[in-house]
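What the coordinates show
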Amino acid sequence: MFNWFRRKKENKENIEQKPPIVEDKQSNAPSETSEIQSEPSLEWAKAAYANIQKQKQEIPENSEDERVASVENNLSAEEKNVDSSSMVEEKTEEVKENAPAWMQKSDRLSALKETAIETEKEEETTLDEDFVWSAQVLESQGRTPDDVSEEEFTWLRKLRQGLGKTRRNFVNQLKSVIGQGPLNQNAIEQIEAMLYSADVGYEATEYIVNTLQNKLKEESLASEDAIASLKEILQQVLDEPLQKLTKTEFEPEAGKLNIWLLTGVNGVGKTTTIGKLAHLAKTSGYNCVIAAADTFRAAAVEQVKVWGERTNTPVIANEGKNTDPAAVVFDGINAAIARNADILLVDTAGRLQNKKNLMEELAKIRRIIDKKAVDANIESLLVLDATLGQNGLKQAQVFSEAAQLTGVVLTKLDGTAKGGVALGVSRDLGLPIRFIGAGEGIEDLRPFSSYEFVEALLS
């Protein structure tokens, strides 16, 4: 079983990272193809590709059909559960018709079911430019062709494609500005404008420009060398929040309950993120329980239950309207302990209209956790929509004050040209990014790697 949480720890300790050199498809480099083919790492990529094809041949042919059938059965079971629970709660057809909106079956539930099978499909792995780039990223982290998985190549491909809009708006312009010696005022202004357009943020932009300018004052660098220096600076910005932590790796602690509180405004993909985290945990070998504690939003509990069915994860919920979220967390902790679970994912309310109520609610949840799970490892993760850019950062600042945040989950990177917001999160908020999402599929959320992110952004 491939453990995504221990991926970096197991495979690249004390390994010097060497940046890949593959250029973006939109680059104006005249000899891109020949440059790629002349690299020794192409042999590494071919060996990895051959190994993946061999692994796929060893998988029984009917495994895909069984997986789709399993998803269909899960969805059918959820449909039955919803129907049966409606029969219990509604005594007559008249009561059912007059039930409030929050108790009625949501159209979004049907929409999620209709797309569920589609999201399970796998893209065919091909030995193309994205594969070669992914191979160089993995090789530079000390990996060998026989210990990489198709999952990793699929993820790196999606990450690079997800940051494509940001990269195409940034890299080519940047190359025309730097690499020509010390930066003059006009060049500085151009770089600042590019960083702002990617929603890097004021503080992060000032730091990046000043650091790069000082670097270029020391020595005159060619364009590619200047890009390499910029990569180092960006990675430093992303890793800076980790410097104040005693443990930089993010993984469930063994031998204790790990409680992850997920918070964020409505609409950023918080509930979907919980479902994807549950899937990630399960496929990495961890037992997981979900507590549906966002009891104030219509259909929130229903949506969490759908994701619970899809990931075969127990969901602890209270069917009543406006029930106490802390009571749901209380029951969730009991259930997690009884099931000997490794992770308890808690879906919390995303209301910013009254910050005082939000703080009181979260404080009450923390008191329950401290009382019921004294030795638990607690993480408070903010789910942030990357497409919101600086508006998302402002939301993050409010939650940072209220929720004792320990990290960020950055979603929807595949639909924005503002991928630089990740740098703003790290620099302006001082929070480490723990997970990133680059797609709608259930496997399109992975632990964050600053190295892979920067390479995908600038290569």
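Residues numbered from 1 in each chain as written. Predicted model: local features only at pLDDT ≥ 70, side-chain atom pairs only at ≥ 80, totals over all residues. Heavy atoms only, no water.

1. With respect to the pattern of salt bridges
Where we set the bar: Each salt bridge in this description consists of a side-chain nitrogen of Lys or Arg and a carboxyl oxygen of Asp or Glu lying within 4 Å of one another. Each helix corresponds to a stretch of at least 4 residues labelled H or I by DSSP, and each strand to a stretch of at least 2 residues labelled E; elements are numbered beginning at the N terminus. Only protein chains enter the accessibility calculation, which uses a 1.4 Å probe; a residue is then buried when its area is under 20% of its type maximum, exposed when over 50%, and partly exposed in between.
On inspection of all chains with the given rule, the structure shows 18 salt bridges. Here Arg-160 and Glu-129 are joined by a salt bridge, their closest N and O atoms 3.6 Å apart. One end of the pair, Arg-160, is in helix H8 (residues 150-162); the other, Glu-129, is in helix H7 (residues 129-140), and 31 residues separate them in sequence. Both residues of the pair, Arg-160 and Glu-129, belong to the buried class.

2. Quick word on unusual backbone geometry
Despite not being glycine, Asn-312 has its phi angle at roughly 55°, a positive value. Tracing the backbone through its elements, the reader meets Asn-312 in the loop between helix H15 (300-311) and strand S3 (315-316). Within the chain, Asn-340 stands out as a residue other than glycine whose phi angle is a positive 55°. Checked against the element boundaries, Asn-340 lands in the loop between helix H16 (325-338) and strand S4 (343-347). The exposed category is assigned to Asn-340, whose relative accessible area is 62%.

3. Quick look at the packing of helix H12 (residues 202-218) against helix H19 (residues 421-429)
Two quantities define a packed helix pair, namely the angle between the axes and the distance from one axis to the other. Heads up, the rule is: Orientation is described by lines fitted to C-alpha atoms, with helices fitted over the stretch in contact, and by angles between N-to-C directions that extend from 0 to 180 degrees. Angles are sorted into four bins: roughly parallel if under 35 degrees, roughly antiparallel if over 145, roughly perpendicular if 65 to 115, and oblique for all others. Residues count as neighbours in contact if any of their non-hydrogen atoms are within 4.5 Å of one another.
Where H12 meets H19, the axes come as close as 8 Å, and the angle between the chain directions of the two elements is 95°. Put simply, H12 runs roughly perpendicular to H19. The segment H12 lies against H19, with Tyr-202, Glu-203, Ala-204, Tyr-207 and Ile-208 engaging Leu-423, Gly-424, Arg-427 and Asp-428.

4. A closer look at helix H20 (residues 450-458)
Of all nine residues in H20, nine are buried, a share of seventy percent or more. Along H20, the residues classified as buried are Ser-450, Tyr-451, Glu-452, Phe-453, Val-454, Glu-455, Ala-456, Leu-457 and Leu-458.

5. Considering H16
What counts here: By this rule the span expected of a helix is its residue count minus one, scaled by 1.5 Å. The definition of a polar contact used here is a pair of N or O atoms within 3.5 Å, where within protein one atom must be able to donate a hydrogen and the other to accept one, and adjacent residues in sequence count solely through side-chain atom pairs.
Taking 1.5 Å as the rise per residue, H16 with 14 residues should run 20 Å; its terminal C-alpha atoms sit 20 Å apart, in good agreement. Those residues of H16 that fall on the buried side of the exposure criterion are Pro-325, Ala-326, Val-328, Val-329, Gly-332, Ile-333, Ala-335 and Ala-336. In this structure Asp-324 caps H16, since a side-chain oxygen of it lies 3.1 Å from the backbone nitrogen of Ala-326.

6. Thoughts on the sheet that holds strand S8 (residues 445-447)
Our working rule: One requirement defines pairing of two strands: DSSP has to find at least two bridges between them.
Taken in spatial order, the eight strands of this open sheet run S3-S2-S4-S1-S5-S6-S7-S8, and their pairing is mixed. Edge positions in the sheet fall to S3 and S8, since each has one partner strand and no second. Across six bridges, the pairing between strand S1 (residues 258-263) and strand S5 (residues 377-385) is parallel. Within S5, the residue paired with Leu-262 across the bridge is Leu-381.

7. Topic: the pairing of strand S7 (residues 433-437)
Definition in use: Crossovers are marked right-handed if the path from the first strand over the helix to the second runs clockwise, as seen with the strands pointing away from the viewer.
With five of its five residues buried, S7 lies for the most part within the structure. Where strand S6 (residues 407-411) lies against S7, three bridges are found, and the strand directions are parallel. Pairing of Val-409 across the sheet is with Phe-435, part of S7. Handedness of the crossover joining S6 and S7 through H19: right-handed. Bridge count for S7 against S8 is three bridges, and the pairing is antiparallel. Each residue of the ladder has a partner; that of Gly-437, found in S8, is Leu-445.

8. Examining the packing of aromatic side chains
To keep things clear, this is the line we draw: Stacked, tilted and edge-to-face are the three classes assigned to paired rings of Phe, Tyr and Trp, where Trp is represented by its six-membered ring and a pair needs centres within 6.5 Å; plane angles under 30 degrees give stacked, over 60 edge-to-face, the rest tilted.
For the structure on display, the rule yields 10 aromatic pairs. Centre to centre, the rings of Tyr-49 and Phe-131 are 5.5 Å apart; their planes meet at 90°, and the pair counts as edge-to-face. In this pair, Tyr-49 sits in helix H3 (residues 41-58) while Phe-131 sits in helix H7, placing the two residues 82 residues apart along the sequence. You can call Phe-131 buried: its relative accessible area is 0%. With a centroid separation of 4.1 Å and 5° between ring planes, the pair formed by Phe-131 and Phe-153 is classed as stacked. Of this pair, Phe-131 sits in helix H7 while Phe-153 sits in helix H8; the two residues are 22 residues apart in sequence, bridging distant segments of the chain. Relative accessible area serves as the criterion here: at 3%, Phe-153 is assigned to the buried category.

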